[in-house]
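# Topology and contacts: notes
Now for the letters of each chain:
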Amino acid sequence: MKQEDIAKKFGISVRTYRRYETGVSEEVTLPTLCKIADFYGVSVDYLIGRTDIK
């Protein structure tokens, strides 16, 4: 999938999604963080680096 498609699915701008991917922005709202975790099939703890268990 393209970043544009993923950003649209999460209801955020492509720029914002790119910033999340590159680590430039760490300010992710909880609802968006949950959507990203669900989309990639991982836990929120995995996304934020609290565990290595997906």
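These notes cover the structure that comes with them. On a predicted model such as this, the values are computed, not experimentally measured, just so you know.

This brings us to the packing of helix H1 (residues 3–10) against helix H3 (residues 30–40). In a pair of packed helices, the angle between the axes and the distance between the axes together describe the arrangement. Close contact between H1 and H3 brings their axes to 10 Å; oriented N to C, the two are set at 125°. When the axis of H1 is compared with that of H3, the two are oblique. Crossing of H1 over H3 shows right-handed handedness. The segment H1 lies against H3, with Ile-6, Lys-9 and Phe-10 engaging Lys-35, Ile-36, Phe-39 and Tyr-40. Class assignment of the residues belonging to the contact of H1 with H3 gives a composition of five nonpolar, no polar and two charged.

Two side chains of opposite charge can pair, provided their charged atoms sit close to one another. Under the counting rule described, the total for this entry stands at two salt bridges. For Glu-4, the salt bridge goes to Arg-18, with nearest N and O atoms at 3.1 Å. Of the two residues, Glu-4 sits in helix H1 while Arg-18 sits in helix H2 (residues 14–22), which places them 14 residues apart along the sequence. Accessibility expressed as a relative area gives 38% for Arg-18, which makes it partly exposed. As a salt-bridge pair, Arg-50 and Asp-45 come within 3.6 Å of each other at their nearest N and O atoms. According to the relative accessible area criterion, Arg-50 is exposed, its value standing at 65%. Residue classification places Asp-45 among the partly exposed positions, given a relative accessible area of 33%.

By volume, the largest pocket is sized at about 350 Å³. In terms of lining, the largest pocket is formed by Tyr-17, Tyr-20, Glu-21, Gly-23, Ser-25, Glu-26, Val-28, Leu-33, Ile-36, Tyr-40, Leu-47 and Ile-48. When the residues that make up the lining of the largest pocket are grouped by side-chain class, the tally is eight nonpolar, two polar and two charged.

Definitions and limits used
- Residues numbered from 1 in each chain as written.
- Predicted model: local features only at pLDDT ≥ 70, side-chain atom pairs only at ≥ 80, totals over all residues.
- Heavy atoms only, no water.
- Axes fitted to C-alpha atoms, helices over the stretch in contact; angles between N-to-C directions.
- Helix = DSSP H or I, 4+ residues; strand = E, 2+ residues; numbered from the N terminus.
- Parallel < 35°, antiparallel > 145°, perpendicular 65-115°, else oblique.
- Left-handed = near helix turned anticlockwise from the far one by under 90°.
- Contact = heavy atoms within 4.5 Å.
- Nonpolar A, V, L, I, M, F, W, Y, C, P; charged D, E, K, R; others polar.
- Salt bridge = Lys/Arg side-chain N within 4 Å of Asp/Glu carboxyl O.
- Buried < 20%, exposed > 50% of the residue type's maximum accessible area, 1.4 Å probe, protein only.
- 1 Å grid on protein atoms, 1.4 Å probe; cavity = no way out; pocket = protein on both sides within 12 Å on 5 of 7 lines; lining within 4 Å.
- Points joined across faces, edges and corners; volume = space filled by probe spheres on them.

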